[in-house]
Amino acid sequence: MGLNGSLLSGGFTVGAIAGGFLVGELSWRWAFLINVPVAITILGLAPTVVPSGRSHETVKLDLPGALSVTLGLFAVAFGITASSFPALIAGSIMLALFFWIERRTTAPLIAIGMLASPSICWGNLAALTIFSMEAGLIFLMTLYLQDVLHFGPVTTGLVFGVPELASVVAGIVAGRIISRRGARSVLLIALLVQGGMTAPLILLGADPAWLWLLIPTLFGGFFGHITAVVAATVTATSDIPDVNKGLATGLITTSQRVAVTIGIPLLGALMAVRENLLAGIRLALFADVLLTLAAVILIRAGLHRRVLSPAH
């Protein structure tokens, strides 16, 4: 899990710096075009390095579930960003339909029934919080650097890429910390660090001198973020039979992707409430801190009840 966290961080670091150079020196279109040769390379190499799996059962694709959740998330994200109440209603209906499908299909896209396990339930809530708030933070800080401080893409990429090195370190040491302190306690502390390091950013002003606050804060926040990611993944895949580990991992991976989908529109919509961009960013950052703190309180209470349960 720690190695996975380091790779996530390394990918973000390379992407932030390389993306900044591509956009700054070539065109913003290259931020999308670069994915094509990378994807082709991976598709070509994967069959030679990944062993093929064998199953005695025919795998059925959950197309109704995939369609309903995709349309539902799209409608919700559009409804938030465009302030469209009908889109929000339609998205909510599609997501409710998705849950209905997943509970009845023989080969569900997501094993929703596993959420009955407290570790899986609260681990996935933690993943939703971790990724949604961090994705929203990156979005807000990108706007701050480019539209408030008027930095170019290259400088913006470097501002993100250099502090992100702290995440690589976090991925390396997170496993050791968890083995000593336990995944649940590390999860709560790391999530508090992620939210706590966001709080000082509310003070950011319109002068480049504020980088003295931004860069060290990003260092600490990124370290807490990846540590929380590893701890949440361990929590959400613990206390279940080995045969279900794959399903639990798929569930938390889905939570991570869904979180990114809703985090940016949510904080972006809050930012748009204020006419002044900097004031809007501050408001969205304040909401980020409050939502993270609320999640920590809920997760702590839920995991604490689980620990005290007579069944455990």
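The coordinates are above.
Everything numeric here is computed off the predicted structure, so don't read it as measured data.

About the criteria used
Residues numbered from 1 in each chain as written. Predicted model: local features only at pLDDT ≥ 70, side-chain atom pairs only at ≥ 80, totals over all residues. Heavy atoms only, no water. Helix = DSSP H or I, 4+ residues; strand = E, 2+ residues; numbered from the N terminus. Rg over C-alpha atoms; globule rule 2.2 N^0.38 Å. Buried < 20%, exposed > 50% of the residue type's maximum accessible area, 1.4 Å probe, protein only. Areas by Shrake-Rupley, 256 points an atom, 1.4 Å probe, with all protein chains shown as cover. Lys, Arg positive; Asp, Glu negative; His and termini not counted. Charge placed at Lys NZ, Arg CZ, Asp CG, Glu CD. Phe/Tyr/Trp six-rings, centres within 6.5 Å; stacked < 30°, edge-to-face > 60°. Axes fitted to C-alpha atoms, helices over the stretch in contact; angles between N-to-C directions. Parallel < 35°, antiparallel > 145°, perpendicular 65-115°, else oblique. Left-handed = near helix turned anticlockwise from the far one by under 90°. Contact = heavy atoms within 4.5 Å. Nonpolar A, V, L, I, M, F, W, Y, C, P; charged D, E, K, R; others polar. 1 Å grid on protein atoms, 1.4 Å probe; cavity = no way out; pocket = protein on both sides within 12 Å on 5 of 7 lines; lining within 4 Å. Points joined across faces, edges and corners; volume = space filled by probe spheres on them.

**Student:** Can you help me understand the overall build of the protein in this one?
**Tutor:** A count of helical and extended segments in the protein gives twelve helices and zero strands. In the protein, the order of α-helices and β-strands from amino to carboxyl end is α-α-α-α-α-α-α-α-α-α-α-α. In terms of overall size, the protein behaves like a compact globule, its C-alpha atoms giving a radius of gyration of 20 Å where 312 residues would be expected to give roughly 20 Å. Taking the principal axes of the C-alpha coordinates as reference, the protein spans close to 60 × 45 × 45 Å. Here the protein holds 312 residues, and the buried ones make up 42% of them. For the protein, the accessible surface area stands at approximately 16600 Å², while carbon and sulfur atoms represent 71% of it. Charge-centre separation for the protein: the mean point of 16 positive side chains lies 11 Å from the mean point of 12 negative side chains.

**Student:** What am I meant to see in the packing of aromatic side chains here?
**Tutor:** What describes a pair of aromatic rings is the distance from one ring centre to the other and the angle between the planes of the rings. Under the criterion given, the structure shown has four aromatic pairs. Ring plane angle 65° and centroid distance 5.6 Å describe the contact between phenylalanine 98 and phenylalanine 99, whose orientation is recorded as edge-to-face. Classification of phenylalanine 98 as buried rests on a relative accessible area of 3%. Assessed through its relative accessible area of 40%, phenylalanine 99 is described here as partly exposed.

**Student:** Explain the packing of helix 10 (residues 211–236) against helix 11 (residues 245–271) to me, please; I cannot follow it from the model alone.
**Tutor:** The geometry of a pair of packed helices is captured by two quantities: the angle between their axes and the separation between those axes. Across the interface, helix 10 lies against helix 11 with an axial gap of 9 Å and an inter-helix angle of 140°. By the criterion of interaxial angle, the relationship of helix 10 to helix 11 is oblique. Crossing angle aside, the handedness with which helix 10 passes helix 11 is right-handed. Residues Ala232, Thr233 and Ala236 of helix 10 pack against Ala248, Ile252 and Gln256 of helix 11. Residues that form the contact of helix 10 with helix 11 fall into these classes: four nonpolar, two polar and no charged.

**Student:** Help me understand the layout of surface pockets in this model?
**Tutor:** Roughly 460 Å³ of volume is contained in the largest pocket. Together, 17 residues line the largest pocket, and Phe12, Phe131, Ala135, His225 and Val260 are the ones closest to its centre. Where the lining of the largest pocket is concerned, the elements lending two or more residues are helix 1 (2–25), helix 6 (118–148), helix 10 and helix 11. If one sorts the elements of the lining of the largest pocket by residue count, helix 6 sits on top with five residues. The class makeup of the residues in the lining of the largest pocket is ten nonpolar, four polar and three charged.

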